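# Residue-level structural notes
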Amino acid sequence: MRNYSLNQRYIMSNKITIAIDGYSSSGKSTMARALAARIGYRYIDSGAMYRAVTLWAIRRGLTSADGSVDAGALVEHLPEIKIDFSLQPDGTAQHTMLCGEDVESEIRKINVSNYVSQVAAIPQVRHALVGMQQAMGKNKGIVMDGRDIGTTVFPDAELKIFVDASAQTRAQRRFSELVEKGSNVTFEEVLANVIHRDHIDQTREESPLRCADDALRLDNSHMTIEQQNAWLAEAFQSALEKTAK
Ligand code: DC
């Protein structure tokens, strides 16, 4: 393993764009957030934006018990949905804001997870959010994670990563997180949700989840968080060296 030797001034004067895509609960957000904090980049969790739109739809009664979403009504109201991120006092964590309200914990709940893939499959929702994401990254110096960051949002990103892990591993991680937060779910429910979301994310017409041709693939099923972070730091260093040439 090489030394992480680039100095901060060099990093800040040679900003690049980092796109991290992958399956739900693959641990991509954890590694993306850690890298951004380490190198002083802005971190954006694009999934949180789809979740915030979904929460808005649920609150307005635009979702039904059968799992469907009233796409027409949601699209009509899209201009009213304001999404932002507020930096927390620790300087690294960001909370998702929906029309000025902190919804960070609300958007992680299973009722939002149950509808978010349907919402994310609506082309007009994607166009609106992709536009916002591109504006956030126009000055580079950003780490963004999601499903279509390397393929659609930042196709010219200097560093693209695609993170994968087995559905069982990902469901176990998500289940432990939810139980820790006091949620009353079963492992089977979480696994079913993970598999269902994978299917919708991969088969939707508008920018489906897929690995960009020029992305580095990482299967982290058997890696610790420290190992992933070290791997990503090394990938970042190589990308920076390549762009400096
Ligand atoms: O990463 P996550 O599980 O919080 O994402 C929530 C949902 O949003 C997931 O079903 C996929 C979708 N999503 C997307 O379609 N495009 C993105 N860039 C990010 C998330």
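Bear in mind the structure is a predicted one, so any value in this text is a computation, not a measurement. Throughout, a residue's number is its position along its own chain's written sequence, starting from 1. Residue-level local features of this predicted model are given only where pLDDT is at least 70; pairs of side-chain atoms are given and counted only at 80 or more, and the full residue set underlies all totals for whole chains, interfaces and linings. To obtain the side-chain values, all non-hydrogen atoms of the structure were included, while hydrogens and water were left out.

## What to know about the overall build of the chain
Counting its secondary structure elements, the chain contains 10 helices and 8 strands. Just to be clear, the radius of gyration here is over C-alpha atoms, and the globule rule we use is 2.2 Å times residues to the power 0.38. Against the globule reference of 18 Å for 245 residues, the chain gives a C-alpha radius of gyration of 18 Å, in line with a compact fold. Only protein chains enter the accessibility calculation, which uses a 1.4 Å probe; a residue whose area is less than 20% of its type maximum is buried, one above 50% is exposed, and one in between is partly exposed. For the chain, the residues scored as buried account for 49% of the 245 residues in total. When the accessible surface of the chain is totalled, it reaches about 11800 Å², and 51% of it is carbon and sulfur. Neither His nor the chain termini are counted; the positive set is Lys and Arg, and the negative set is Asp and Glu. Each charge is placed at NZ for Lys, CZ for Arg, CG for Asp and CD for Glu. Of the side-chain charges in the chain, 28 are positive and 31 negative, and the distance between the mean point of each set is 5 Å. A run of DSSP states H or I qualifies as a helix once it reaches four residues; a run of E qualifies as a strand once it reaches two. Both are numbered from the N-terminal end. Note on areas: Shrake-Rupley with a 1.4 Å probe; residue coverage comes only from the protein chains shown.

## Thoughts on the sheet that holds strand S2 (residues 42-45)
DSSP calls a pair of strands paired once it identifies at least 2 bridges connecting them. The strand order across the open sheet built from 5 strands is S2-S6-S1-S7-S8, with neighbouring strands paired in parallel fashion. With partners counted over all chains shown, the strands left at the sheet margins are S2 and strand S8 (216-219), one partner each. For this sheet, the mean angle separating the axes of adjacent strands, direction not counted, is 20°. Any two residues whose heavy atoms approach within 4.5 Å are treated as being in contact. Whenever a helix is involved, its axis is fitted only over the stretch in contact; in every case the axis is a line through C-alpha atoms, and angles between N-to-C directions fall within 0 to 180 degrees. Contacts from helix H10 (residues 225-244) reach strand S1 (17-22), strand S7 (159-164) and S8 within the one sheet, and its direction differs from that of S7 by about 155°.

## Brief notes about the packing of helix H5 (residues 110-120) against helix H9 (residues 187-203)
Relative orientation of the contacting elements H5 and H9 amounts to 10°, with a least axis distance of 9 Å. Comparing their axes, H9 and H5 come out roughly parallel. Each of Ser 113, Asn 114, Val 116, Ser 117 and Gln 118 in H5 lies in contact with H9, whose residues at this interface are Asn 193, His 196, Arg 197, Ile 200 and Asp 201. Of the residues assigned to the contact of H5 with H9, the class counts are 2 nonpolar, 6 polar and 2 charged. What sets the label is the angle itself: under 35 degrees gives roughly parallel, over 145 gives roughly antiparallel, 65 to 115 gives roughly perpendicular, and the rest give oblique. Three classes are used: nonpolar for Ala, Val, Leu, Ile, Met, Phe, Trp, Tyr, Cys and Pro, charged for Asp, Glu, Lys and Arg, and polar for all others, with Gly counted as polar.

## Quick word on unusual backbone geometry
Phi at Cys 99 is positive, roughly 45°, even though this residue is not glycine. Tracing the backbone through its elements, the reader meets Cys 99 in the loop between strand S4 (94-98) and strand S5 (101-102). For Ser 207, which is not a glycine, the phi torsion comes out positive at approximately 30°. Inspection of the secondary structure puts Ser 207 in the loop between H9 and S8.

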